[in-house]
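Close look at the chain arrangement
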Amino acid sequence: MAQVTLKGNPVQVGGTLPAAGSQAPAFTLVGEGLADVSLKDFAGKRKVLNIFPSIDTPTCATSVRTFNTKAASLDNTVVLCVSADLPFAQARFCGSEGLENVKTLSTLRGRDFHEAYGVAIADGPLAGLTARAVVVLDENDTVLHTELVAEVADEPNYEAALAALS
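As a starting point, this report considers the structure included with it. The structure displayed is predicted, hence computed values, not measured ones.

This part takes up the pattern of salt bridges. One pass over the structure, following the stated rule, counts four salt bridges. We note a salt bridge from Glu97 to Arg65, for which the minimum N-O separation is 2.8 Å. One end of the pair, Glu97, is in helix α2 (residues 87-97); the other, Arg65, is in helix α1 (residues 58-71), and 32 residues separate them in sequence. The exposure class of Arg65 is partly exposed, given its relative accessible area of 32%.

Structure, rendered in C-alpha cells:
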C-alpha cells in the first residue's frame with residue numbers, strides 16, 4: 001500500500017500504480033450520457049489519464065483546465081479525466097468552463113479501476129475516492145509515465161507527463 005498526504009496528513013492508497021513499460025490494465029468506466037467507455041475505445045491513440053478525487057475541488061479543476069489547454073497541441077492524443085464524480089457533474093463543469101479537449105470518465109461503475117491503477121484512497125476523509133495521479137500510455141496501451149502525486153492537494157507534474165509523449 002502506498003501513502004500520500006492530504007494537507008499534510010498521511011493517507012493510505014491501495015493498489016499498485018502501473019509500472020513504466022508494462023501493459024495498462026483494461027478498464028470500463030462511465031462517460032457522457034452514462035455510456036460505458038473502455039480503454040479499447042481509444043485504441044490507436046496516445047492517452048493521458050488525469051486521475052483525481054473530484055472535479056469540484058480547486059486543484060482537480062485546475063488540472064482539468066491545464067490538461068485541456070495542453071491537449072489542444074498534442075497529435076493523436078486524448079486526455080481522459082477520471083474521477084468519482086457523476087457524468088452530469090463532469091459535463092456541467094466542462095460545459096461551464098468551455099473545455100473541449102478532454103474527455104471525462106466516472107468511476108460510478110468500474111470501481112476496480114481504483115485498485116488496478118493504484119489510486120484507491122483507503123482511509124481519511126476522501127476514502128473511496130481516487131488519489132491524484134497521472135498515467136501516460138502509448139498507442140498500444142504501454143505505460144510510458146506514471147506519477148502518484150505525493151500531496152493530494154498539489155498539482156501533477158504536467159511537463160513530465162507530456163514529455164513522455166515526445
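Next comes the rest of the account.
To continue, consider the environment of Val152. With respect to the secondary-structure elements, Val152 resides in the loop between β10 (143-148) and α4 (158-163). In contact with Val152, not counting residues within four places along its chain, are Val4, Thr5, Leu6, Pro53, Leu126 and Arg132.

On to the sheet that holds strand β1 (residues 2-6), then. Strand pairing in a sheet is mediated by backbone hydrogen bonds. Such pairs are either parallel or antiparallel. If you trace the three strands from one edge of the open sheet to the other, you get β1-β2-β8, paired in antiparallel fashion. The open sheet is flanked by β1 and β8 (120-121), the only strands paired with a single partner. By the bridge criterion, two bridges tie strand β2 (residues 9-14) to β8 in an arrangement that is antiparallel. Bridge pairing links Val13 to Ile121 in β8.

Turning to the state of the cysteines, a few remarks are in order. Applying the stated criterion across every chain yields a total of zero disulfides. Here Cys81 is not disulfide-linked; the sulfur of Cys94 is the nearest cysteine sulfur, at 6.7 Å. Overall, the relative accessible area of 0% leaves Cys81 in the buried class.

We describe a pair of aromatic rings using the distance from one ring centre to the other and the angle between the two ring planes. One pass over the full model with this rule turns up four aromatic pairs. Judged by centre distance (5.4 Å) and plane angle (90°), the rings of Phe27 and Phe113 are edge-to-face. Taken together, the residues Phe27 in the loop between β2 and β3 (28-30) and Phe113 in helix α3 (residues 112-116) connect sequence positions 86 residues apart. Overall, Phe113 belongs to the buried group, its relative accessible area being 1%. Geometrically, the ring pair formed by Phe113 and Tyr117 is stacked, given 4.4 Å between the ring centres and 20° between the ring planes. Joined through ring pairs, the aromatic side chains of Phe27, Phe113 and Tyr117 make up one cluster.

If you look at the biggest cluster of nonpolar residues, it comprises 26 residues, and the most contacted ones within it are Phe27, Leu49, Ile51, Phe113 and Tyr117. Elements supplying a minimum of two residues to this core: β1, β2, β5 (46-51), β6 (77-83) and β9 (133-137). Those residues within four positions of Leu49 in sequence are excluded, and the remaining contacts are Phe27, Leu80, Phe113, Tyr117, Ala133, Val134, Val135 and Leu137. One finds Ile55, Val79, Cys94 and Tyr158 within the second-largest nonpolar core, a separate group that totals 20 residues.

The backbone phi angle of Lys7 is positive, close to 55°, even though this residue is not glycine. Looking at where Lys7 falls in the secondary structure, it is placed in the loop between β1 and β2. Unusually for a residue other than glycine, Asp141 sits at a positive phi of about 65°. Mapping Asp141 onto the fold places it in the loop between β9 and β10. On the accessibility criterion, Asp141 (14% relative accessible area) is buried.

Analysis parameters
Throughout, residues of each chain are indexed from 1 in the direction in which the sequence is written. For a predicted model such as this one, the threshold for reporting local features is a pLDDT of at least 70, and the threshold for listing and counting side-chain atom pairs is 80 or more; totals across whole chains, interfaces and linings nevertheless cover every residue. Derived side-chain values reflect all non-hydrogen atoms in the structure, with water molecules and hydrogen atoms excluded from consideration. By definition here, a salt bridge exists when the distance from a side-chain nitrogen of Lys or Arg to a carboxyl oxygen of Asp or Glu is within 4 Å. In this description a helix means any DSSP run of H or I spanning at least four residues, a strand means any run of E spanning at least two, and both kinds are numbered starting from the N terminus. Relative accessibility decides the category of a residue: with a 1.4 Å probe and only protein chains considered, values under 20% of the type maximum give buried, values over 50% give exposed, and everything between is partly exposed. Should any heavy atoms of two residues lie within 4.5 Å, those residues are counted as being in contact. At least two DSSP bridges between two strands are required for those strands to pair. Pairs of cysteine sulfur atoms within 2.5 Å are identified as disulfides in what follows. Each aromatic pair joins two rings of Phe, Tyr and Trp (for Trp, the six-membered one) with centres within 6.5 Å, and gets the label stacked for planes under 30 degrees apart, edge-to-face for over 60, and tilted for any other angle. Throughout this description, the term nonpolar core refers to a set of buried Ala, Val, Leu, Ile, Met, Phe, Trp, Tyr and Cys residues connected via side-chain atoms within 4.5 Å.

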